[in-house]
Amino acid sequence: VLTLDLGSGAGQFKVMPAKLGCGQRGFVAFYSAGYDMDVHYSMFVYPPDSLHAIAFDDRGNVIWKRTMGIAPSAALYCFTLIDMNGDGVDELYVTDNTDPEHPLWIEAFVLRRMDVLTGKITGEWKWPNYGGIERSMWYFNSNIFKKIWL
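Everything numeric in this text was worked out from a predicted model, so none of it was measured. (Residues numbered from 1 in each chain as written. Predicted model: local features only at pLDDT ≥ 70, side-chain atom pairs only at ≥ 80, totals over all residues. Heavy atoms only, no water.)

1. Some words on the side chain of His-52
Rule in force here: Runs of H or I in DSSP of at least four residues are treated as helices and runs of E of at least two as strands, each being numbered from the N terminus. The buried label applies to any residue whose accessible area, calculated with a 1.4 Å probe on protein chains only, is under 20% of its type's maximum; exposed applies above 50%, and partly exposed to all values in between. Pairs of N or O atoms are called polar contacts if they sit within 3.5 Å, as long as, within protein, a hydrogen donor faces a hydrogen acceptor (for residues adjacent in sequence, only side-chain-to-side-chain pairs). Only heavy atoms enter the contact rule, under which two residues are in contact if any of them lie within 4.5 Å.
Here His-52 shows up in strand S3 (residues 51-57). Take His-52: its relative accessible area is 15%, and that puts it in the buried class. There is a polar contact of 3.4 Å between the side chain of His-52 and the side chain of Thr-67. Ignoring sequence-local partners within four residues, the contact set of His-52 consists of Ser-8, Ala-29, Phe-30, Tyr-31, Arg-66, Thr-67 and Met-68.

This is the structure:
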């Protein structure tokens, strides 16, 4: 059991294991204070705080921490960890918004690649917009794998 001080409340907490290189393992998590966030337009409420990200090793030592901005829900925030370049260290891929003043604007969505050891952005690509043919709630659940099947 790991004990981890996030520095703030975590009504929602989503975590995945990460390869840190040289056989080391860790975790990346996203969390926010809101506990009952729903992105359906009839149920949407403003989040009580920003979305936060944290990476930590298998002993609970924090590697990096950052505020990601406003997101409708930590539970629906999409990210994945995968070693795409084969160096033994996972890269973190997230969908994010480049316009903090308009956090739900689909035109500002991007796919970001982040260094799992530093939290720094190492690549960014415009997120596809299919001209409004998706259900409104799918805009806010920009699942990396879902887009492959469309």
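2. Brief notes about the pattern of salt bridges
Keep this limit in mind: Each reported salt bridge corresponds to a side-chain nitrogen of Lys or Arg within 4 Å of a carboxyl oxygen of Asp or Glu.
Applying the stated criterion across every chain, the model contains 5 salt bridges. We note a salt bridge from Asp-58 to Arg-59, for which the minimum N-O separation is 3.3 Å. By relative accessible area, which is 57% here, Arg-59 ends up exposed. Residue Arg-112 is joined to Glu-124 by a salt bridge in which the shortest nitrogen-to-oxygen separation is 2.6 Å. One end of the pair, Arg-112, is in strand S7 (residues 109-115); the other, Glu-124, is in strand S8 (residues 121-126), with 12 residues separating them in the sequence.

3. Concerning the packing of aromatic side chains
Each aromatic ring pair is characterised by the separation of its centres together with the angle its planes make. The condition is simple: What counts as a ring pair is set by centres within 6.5 Å for rings of Phe, Tyr and Trp (its six-membered ring), and what kind of pair is set by the plane angle: stacked under 30 degrees, edge-to-face over 60, tilted for all other angles.
All told, the structure shown has 3 aromatic pairs when counted by the stated rule. Ring plane angle 50° and centroid distance 4.5 Å describe the contact between Phe-30 and Phe-79, whose orientation is recorded as tilted. Within this pair, whereas Phe-30 is found in strand S2 (residues 24-32), its partner Phe-79 is found in strand S5 (residues 79-82), the two being separated by 49 residues in sequence. Judged on exposure class, the residue Phe-30 and its partner Phe-79 are both buried.

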